[in-house]
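Chain residues, written in single-letter form:
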Amino acid sequence: MNQESTTPDLDKNDFLLSVINGFEDGKWRKSEFRKFIFDNIAQTGLSAEERDNLYSESPYTSLTESIKNLRLVDKDNGKGSEIAEIVLYGIMRYHYHALPVVPKIFYKQNPNDNAKGADSVHIVLDDQGDFSLWLGEAKFYNDIADERLYDPIKSVFDTISTDRIKKENSIITNIRDLEYVIIDPNIRKKVQTILRRDTSIDEIRKRLHVPVLLLHECSKTNKATELTEAYLNDIKEYHLNRAQKYFESQNNKQKKENIHGYEHIQFHLILFPVPQKKDIVNWFVERAKQIKEDA
């Protein structure tokens, strides 16, 4: 999986990460994409304790237990939303070296709770023993035309609201996953202390990052047969255009919403093009059903 990050000529706290899959024998490497999904499904489908215990027992058991927690298998309400969530957890793991402190699919098994809360919750530790909080959103779209950008922007403003941040912090500090993903007890204690409910949200927003993954169908990718300079430049230009439009719209909404401390939050738009959404969703649902039935 090839990645290229760029910081467009935007506000200092707005970033773009463009992620692309490769090609082989003139075709998009769907096998690599599928492997990426299944390699990372446990990051969000199982608790940290289960990941630790089951993977040591059997990677296949870890996979099957993760799939049992999927909503998409039974009813595709999100039209691929869980695929996007899994991909975001993978990108957070490999690109940002983030710790998955709340496995969201695992904790959103109740179908009435599907839309509540951020789609990903991570902690990133730095070399100085400090940390940042990452609350992410993930969508899987047929395209990323202008009108598609409004829904993720709305989700972002829900995520950075005072009540929502407090709720996510409460979940982080009240489940056991921190014990497994943050080994150093001193750093873990610091995270728990700062994220406790009586800490001012003004202080939390200074540590807050919001990754927004838009996994999207792309005609350029559907037509491409290899990673040519022309293809790469087309994707870069297109994604930069979309990022500029996205952040322009988001920052205009901020003028109306007036979220205090917004200027301290760092936003990361992650764009990932795929050839055809329908094929990916159909494969995922059928494969997940098969594994679930055979488990």
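Throughout, residues of each chain are indexed from 1 in the direction in which the sequence is written. Given that this is a predicted model, residues contribute local features only at a pLDDT of at least 70 and side-chain atom pairs are listed and counted only at 80 or more, while totals for whole chains, interfaces and linings are drawn from all residues. As a convention, hydrogens and water are excluded, and side-chain values are obtained from all of the structure's heavy atoms.

A. Local environment of the overall build of the protein chain. Looking only at helices and strands, one finds 13 helices and nine strands in the protein chain. Per-residue accessibility, obtained with a 1.4 Å probe over protein chains only, is compared with the maximum for each type, and a residue is labelled buried under 20%, exposed over 50%, and partly exposed between these values. When the 295 residues of the protein chain are sorted by exposure, 52% land in the buried category. For the protein chain, long-range pairs separated by at least 24 residues make up 72% of all intrachain contacts whose partners lie at least 6 apart in sequence. Method for areas: the Shrake-Rupley scheme with a 1.4 Å probe, in which residue coverage is limited to the protein chains shown. Working note: accessible area of the protein chain is about 14,200 Å², and carbon and sulfur atoms make up 43% of it. Counting from the N terminus, the helices are DSSP H or I runs at least four residues long and the strands are E runs at least two residues long. Contacts are residue-level and defined by heavy atoms, with any inter-residue pair within 4.5 Å sufficient.

B. Summary view of the packing of helix α1 (residues 30–45) against helix α3 (residues 59–68). Packing of α1 against α3 leaves a shortest axis separation of 9 Å and a crossing angle of 55°. With respect to each other, α1 and α3 are oriented oblique. Where α1 crosses over α3, the handedness of that crossing is left-handed. Residues F38, I41, A42 and G45 of α1 form the contact with α3, whose own contacting residues are S62, L63, S66 and I67. The convention used is that axes are lines fitted to C-alpha atoms, helices contributing only their stretch in contact, and that angles between N-to-C directions extend from 0 to 180 degrees. Under this scheme an angle from 65 to 115 degrees is roughly perpendicular, one under 35 degrees roughly parallel, and one over 145 degrees roughly antiparallel; angles in between are oblique. By definition, any crossing whose near helix is turned counterclockwise from its far helix by less than a right angle is left-handed, and any crossing with a clockwise turn is right-handed.

C. Focus on helix α7 (residues 162–174). Multiplying 1.5 Å by the residue count of a helix minus one yields the expected span of that helix. With 13 residues, α7 extends 18 Å from end C-alpha to end C-alpha; this agrees with the ideal 18 Å at 1.5 Å per step. Buried within α7 we find I165, E168, N169 and I172. Down the axis of α7, the smallest arc covering the buried residues is 100°, so these residues share one side. Facing away from the buried side of α7 by more than 90 degrees, the exposed set consists of D163 and N174. Arc definition: it is the arc formed by the directions from the helix axis to the C-beta atoms.

D. Molecular detail of the environment of V210. As for its position among the elements, V210 is in strand β8 (residues 208–217). Residue classification places V210 among the buried positions, given a relative accessible area of 0%. Once the C-alpha coordinates of V210 and V156 are considered, the two residues, 54 residues apart in sequence, prove to be 7.6 Å apart. Apart from residues no more than four positions distant in its own chain, V210 is found in contact with L135, V156, I160, I265, Q266, F267 and H268.

E. Examining unusual backbone geometry more closely. Although it is not a glycine, D25 sits at a positive phi angle of roughly 55°. The exposure class assigned to D25 is exposed, which follows from its relative accessible area of 75%. For H97, which is not a glycine, the phi torsion comes out positive at approximately 55°. Relative to the assigned elements, H97 resides in the loop between α4 (81–94) and β5 (99–102).

F. Region of the structure containing the packing of aromatic side chains. Classification of ring pairs uses Phe, Tyr and Trp, with its six-membered ring standing for Trp, and accepts pairs whose centres are within 6.5 Å; under 30 degrees between planes counts as stacked, over 60 as edge-to-face, and the remaining range as tilted. For the coordinates displayed, the defined rule picks out ten aromatic pairs. Ring geometry for F33 and F272: centres 5.7 Å apart, planes at 90°, overall edge-to-face. Separated by 239 residues along the polypeptide, F33 in helix α1 and F272 in strand β9 (residues 266–274) bring together distant segments of the chain. On the basis of relative accessible area, F33 is assigned to the buried category, the value being 1%. A ring pair is formed by F157 and Y262, whose centres lie 6.0 Å apart and whose planes are at 10°; its orientation type is stacked. Within this pair, whereas F157 is found in helix α6 (residues 150–159), its partner Y262 is found in the loop between α12 (229–257) and β9, the two being separated by 105 residues in sequence. Summarising the burial analysis for this pair, F157 and Y262 share the class buried. An aromatic cluster of at least three residues, connected via ring pairs, comprises W28, F33 and F272. When the ring centre of Y238 is taken as origin, the NZ or CZ atom of K220, which lies over that ring, is 5.9 Å away. The ring of F157 is capped by K253, whose NZ or CZ atom sits 5.6 Å from the centre of that ring. Throughout this description, the term charge over a ring refers to an Arg CZ or Lys NZ atom that lies within 6 Å of the ring centre and within 35 degrees of the ring normal.

G. View of the pattern of salt bridges. What counts as a salt bridge is simple: a side-chain nitrogen of Lys or Arg found within 4 Å of a carboxyl oxygen of Asp or Glu. Summed over the entire model, instances satisfying the criterion amount to 15 salt bridges. Here R29 ties to E24 by a salt bridge, and the two come within 3.9 Å at their closest N and O atoms. Under the relative-accessibility criterion, E24 is labelled partly exposed at 47%. Here E203 ties to K206 by a salt bridge, and the two come within 3.4 Å at their closest N and O atoms. In this structure, a network of salt bridges that share partners links the residues E24, R29 and E32.

H. Representation of the pairing of strand β2 (residues 14–20) in the model. β2 sits mainly inside the fold: six of its seven residues count as buried. Pairs of strands are assigned from DSSP output, requiring at least two bridges between the strands. Examined bridge by bridge, β2 and β9 share five bridges and lie parallel to one another. Residue pairing across strands places L16 opposite L269, the latter belonging to β9.

I. Region of the structure containing the side chain of S249. Counting through the fold element by element, S249 comes out in helix α12. The exposure class of S249 is buried, given its relative accessible area of 15%. Here S249 is in contact with Y150 and I153, once residues within four sequence places are set aside.

By themselves, these observations are geometric and do not establish any function.
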